[in-house]
Amino acid sequence: MILYYKNIPIHFTEHGVGDTIVLLHGFLENSTMWKDLIPQISRRHHVLAIDLLGHGNTGCLGYIHTMEEMSEAVNFVLEHLSIKEATFIGHSMGGYVALAFAELYPKKIRGLCLMNSTSMADTQEKRNNRDRAIKAVKQNHQTFISMSVSNLFAPNNRERLIKEIEEVKKEALKIPVQGIVAALEGMKIRKNREFILHHNNFKKMMIIGQKDPVLNYESLIHQTKGTDVKIIEFSDGHMSHIENNKELSYNIMLFIEK
């Protein structure tokens, strides 16, 4: 379905009936990344998968898409559908958006799963890397996508999952340069939201890849100390929905129906 928000299209899909589960994809992805999970969840739940700003079939709002702006667009969809409360599952950047949503609309969150994501802000080194990435995108976005997508997987999976990796690249190449740059700019300036993990009563879970090339394992463990966040660890990389498909589905279902 398409809604118009601030004169741009926002694309989303709906499946099933029951309590709402909102699926938010990551950077260089779109709502099709959930294709294996949606049939399972939608047997007993209402599943809403949204293309975030500048990704999939959703348009671009400007040069920077902040996590707050993305979460406001998500809320626009929920308001349109009269959804008062939902469980959020956010992959990578989608987790950053879910955290921003939780800060802006805490009463609308029933549960929050950060999947290969973090509640912490970028370090200075990471912000510098984002700036380099923006330059690389503007020079040759195809090369940037090819390298970036491969580097999301654990090294030992890059040959084993070559077909799946090519499919991710194919979807990523549909994203306009503006959408890529705006997301990088938005992620670079996002705020630290560790307090969301500490000071909210809704259920929380974090999916961690022990060989995640993008996120620091020790940092992920440290930010959950003193919280009631359930931690699920897999032995692979940043793309748990591909690298650990069956185990992920099992744990997501447990979390949703807990």
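Everything below is about the structure shown above.
Everything numeric here is computed off the predicted structure, so don't read it as measured data.

What counts and what doesn't
- Residues numbered from 1 in each chain as written.
- Predicted model: local features only at pLDDT ≥ 70, side-chain atom pairs only at ≥ 80, totals over all residues.
- Heavy atoms only, no water.
- Helix = DSSP H or I, 4+ residues; strand = E, 2+ residues; numbered from the N terminus.
- Buried < 20%, exposed > 50% of the residue type's maximum accessible area, 1.4 Å probe, protein only.
- 1 Å grid on protein atoms, 1.4 Å probe; cavity = no way out; pocket = protein on both sides within 12 Å on 5 of 7 lines; lining within 4 Å.
- Points joined across faces, edges and corners; volume = space filled by probe spheres on them.

Colleague: Outline unusual backbone geometry, listing residues and values.
Modeller: Of note, Lys6 is a non-glycine position whose phi angle comes to about 50 degrees, a positive value. Note that Lys6 resides in the loop between β1 (2-5) and β2 (8-15). Looking at Lys6, the relative accessible area reads 53%, which means it is exposed. Although it is not a glycine, Ser82 adopts a positive phi angle of roughly 60 degrees. Relative to the elements of secondary structure, Ser82 occurs in the loop between α2 (67-80) and β5 (86-91). Residue classification places Ser82 among the exposed residues on the basis of a relative accessible area of 55%.

Colleague: Quick one: what's the story with the layout of surface pockets, residue by residue and with numbers?
Modeller: Of the volumes computed, that of the largest pocket is approximately 670 Å³. Taken together, 26 residues form the lining of the largest pocket, with Phe27, Arg130, Ala133, Phe144 and Ser148 sitting closest to its centre. Those elements that place two or more of their residues in the lining of the largest pocket are α4 (124-139), α5 (141-150) and α7 (177-188). Ranked by residues supplied to the lining of the largest pocket, first place goes to α4 with six residues.

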